[in-house]
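What follows is the residue order along each chain.
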Amino acid sequence: MPQTFRDAKCYRSMLFVPGHKLDWMLKAPKYGSDALILDLEDSVGVAEKPAARNAVAEAIKALRDRPVGLFVRLNGWRTGYLIDDLSAVVDKGLDGVMLSKTEDPEDVTALDLVLGELERSRGLPLGRIEICPYPESAVAMYRLYDICMASQRVKRAGAATGPNPRGDGGRSLGLQYDDEEAVEGVAFGAYSVLQARAAGIVHIEGAMCGQLGDLDLVRRLGKKSKRMGASFGSAIHPSHIPIINEIYSPSQEEVDEARGVVSALAEGIARGDAAVRYKSKLIDFANARAAMDVLKKAEAAGMDIGDVPKLEIPAY
């Protein structure tokens, strides 16, 4: 049976913004990220959470007609804050929620049910709001495939280079390195990508740089993440966004090559050949699928992909 991949809007970059800083949220789109993550969890103190919910709700109303994705990082289950978070922010314009400290598939299933009830009661399209699980413990990372399969709302997941060694995930695994570029995280990242892709997730998150002023590190981590299967990156500082957008946008050379592959195969199929020679290489439907992925990402990034022939590509 062919694998089904979950389609969703392509984002190259997502910028975290503290949920209690209304002025920061309102000006955040000017920095050029494709989506914003309005944070109600770690960046907001307990005493500030009620006011932060109101501020995030106000920001969603103000920004929902802007060409930027709007996501909210929720507090996790078992904190006593999650239901209040959802009640405040589920509204027209909300594109998705990040579920902090996702532990098991039931966490996602329960969130799916609550979102469905809120969508129905508030007249919103049923099933539109995404769930982005954030596994931050060893057991949750081990269960990532099942977590992704718990709801069709899950369309983005994974951590291409593994957990941050200084974050909750790294602490849960007992990682003993401090270098964000260390190779020790590669095995965990590869396993994360494998589980997410096996669940049909094609939007994979890359490493997020924790060094605010080290733009060279942002670039190195982004390129490494992309090589390991990431399709977008998150940032905690606006200065990281231009670099992330560049890394996760196809180059003009990649677009030209992809268009050439699709055109050559289309001409071959018109002659009755499903495998053809192109620039000293033999290409077939597998190459065309990869090329179409590049062209789709380029269109999402606002690039002109030129004239591309229509090509019916068989399922996997």
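Reading the values: rules and limits
Residues numbered from 1 in each chain as written. Predicted model: local features only at pLDDT ≥ 70, side-chain atom pairs only at ≥ 80, totals over all residues. Heavy atoms only, no water. UniProt positions renumbered as here; feature names shortened; annotations may be inferred. Helix = DSSP H or I, 4+ residues; strand = E, 2+ residues; numbered from the N terminus. Rg over C-alpha atoms; globule rule 2.2 N^0.38 Å. Buried < 20%, exposed > 50% of the residue type's maximum accessible area, 1.4 Å probe, protein only. Contact = heavy atoms within 4.5 Å. Areas by Shrake-Rupley, 256 points an atom, 1.4 Å probe, with all protein chains shown as cover. Lys, Arg positive; Asp, Glu negative; His and termini not counted. Charge placed at Lys NZ, Arg CZ, Asp CG, Glu CD. Expected span 1.5 Å × (residues − 1). Arc of directions from axis to C-beta.

Per an unreviewed UniProt entry, the protein goes by Citrate lyase subunit beta / citryl-CoA lyase and derives from Bradyrhizobium shewense. UniProt's Sequence similarities (unreviewed entry) comment on the protein is quoted here verbatim: "Belongs to the HpcH/HpaI aldolase family." Entered under Cofactor (unreviewed entry) in the UniProt record, the comment concerning the protein runs "Mg(2+)".

Before going further, it helps to examine the overall build of the protein. Looking only at helices and strands, the protein has 12 helices and 10 strands in total. Computed over C-alpha atoms, the radius of gyration of the protein comes to 20 Å, within 12% of the 20 Å expected from 2.2 N^0.38 for 316 residues, which places it in the range of a compact globule. Each of the 316 residues in the protein was classed as buried or not, and the buried ones make up 49%. Expressed as a percentage of contacts within the protein between residues at least 6 apart in sequence, the contacts between residues at least 24 apart total 71%. On the protein, roughly 15,100 Å² of surface is accessible, and the fraction owed to carbon and sulfur atoms is 53%. Charge-centre separation for the protein: the mean point of 40 positive side chains lies 2 Å from the mean point of 45 negative side chains.

Let us look at helix α8 (residues 186-198). For α8, with 13 residues, the first-to-last C-alpha span of 18 Å sits near the 18 Å given by 1.5 Å per residue. Along α8, the residues classified as buried are G189, S192, V193, Q195 and A196. The buried residues of α8 occupy an angular sector of 165 degrees when projected down its axis, which confines them to one face. Away from its buried face by more than 90 degrees, α8 exposes A187 and L194. In the core, the buried residues of α8 are packed alongside α5 (138-142), α6 (144-149), β6 (156-157) and β7 (203-204).

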